[in-house]
Amino acid sequence: MPNQISIQSYKTKIGELLLGSFDGKLCLLDYKYRKMRAAVDNRIKTGLDAEFTEQDNELLETTRLQIDEYLKGNRTKFELPLLTVGTDFQKSVWNALLEIPYGSTSTYLQLAKSLNHEKAVRAVASANGANSLSIVIPCHRIIESNGGLGGYAGGIPIKKRLLELERSDHTLSDDQKYDFIGSKDKKFNGSFFTAVKTTGIYCLPSCSARKPKRENVVFYDTKEEAILNGFRACKVCKP
Ligand SMILES: [Zn+2]
């Protein structure tokens, strides 16, 4: 029997993903319907001398959990064993991508400089595009030098969404959080909690209860903090 790469599809709010593990490590996390799907798959199969087999395992389960947490804004770092399949140069680019912190961006030129390959910007861009461990190896954090978003295997709207997700966690001021209350959007559920001093109740940002006055609202990053400060969970949004 040939070596096997365990494959599972996973539907998320940013599209359907293809997950693959080999020898206890994650070797594939990519947009299922991207361009070059066959080329990327073939590179991995050839590189590992293995075939795709539809089957689930603990690592893929953990991967799905961590993606969910990330997409909710509750995870800034992935803890997954990775197996990259490519040339030494590609691997050096992917390792450099892993150094770009959550919530920040870099450019192809900066990336090339960090690898002491200042003249290899195009090769760096191409290795970036060949990344088959999307999200986990954050190629979405690479934008153009002029501030443009650049390309993305998952599509530009998804890239924009990931960058906004990562930014929102860090730069939302209390006033911005307050403006958000009442919009019923679930985007920030899990990234902060609103607590109302006059009622002693804490809520999810998406709560549909009446909007409290600004001076009565305090914000907490976790519900544990809200509870520690004497607030009770709202019966409407059940945080
Ligand atoms: Zn509520």
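Structure first, text after, so check above.
Owing to the predicted nature of the structure, the values given are computational and were not obtained by experimental measurement.

What counts and how
- Residues numbered from 1 in each chain as written.
- Predicted model: local features only at pLDDT ≥ 70, side-chain atom pairs only at ≥ 80, totals over all residues.
- Pairing = 2+ DSSP bridges.
- Helix = DSSP H or I, 4+ residues; strand = E, 2+ residues; numbered from the N terminus.
- Buried ≥ 20, exposed ≤ 12 C-beta atoms within 10 Å, placed from the backbone.

Here's the deal with the sheet that holds strand S10 (residues 232-233)
Here is step 1 of the chain: Strand order across the open sheet formed by four strands is S9-S7-S8-S10, with mixed pairing between neighbours. For this open sheet the edge positions go to strand S9 (217-220) and S10, each flanked by a neighbour on one side alone.
Here is step 2 of the chain: When strand S8 (residues 201-203) meets S10, the two strands line up parallel, connected through two bridges. If you follow tyrosine 202 over to S10, its bridge partner there is alanine 233.

Structural notes on the pairing of strand S2 (residues 15-22)
Here is step 1 of the chain: Burial analysis of S2 places six of its eight residues in the buried class, the great majority of the element.
Here is step 2 of the chain: As paired elements, strand S1 (residues 3-12) and S2 share seven bridges and run antiparallel to each other. The residue bridging tyrosine 10 from the neighbouring strand is leucine 17, located in S2.
Here is step 3 of the chain: Between the end of S1 and the start of S2, which pair antiparallel, lie two residues.
Here is step 4 of the chain: Bridging between S2 and strand S3 (residues 25-31) involves six bridges; their strand directions are antiparallel. The partner of serine 21 across the bridge, within S3, is leucine 26.
Here is step 5 of the chain: Between the antiparallel neighbours S2 and S3 lie two residues, among them aspartate 23 with a positive phi of about 55°.

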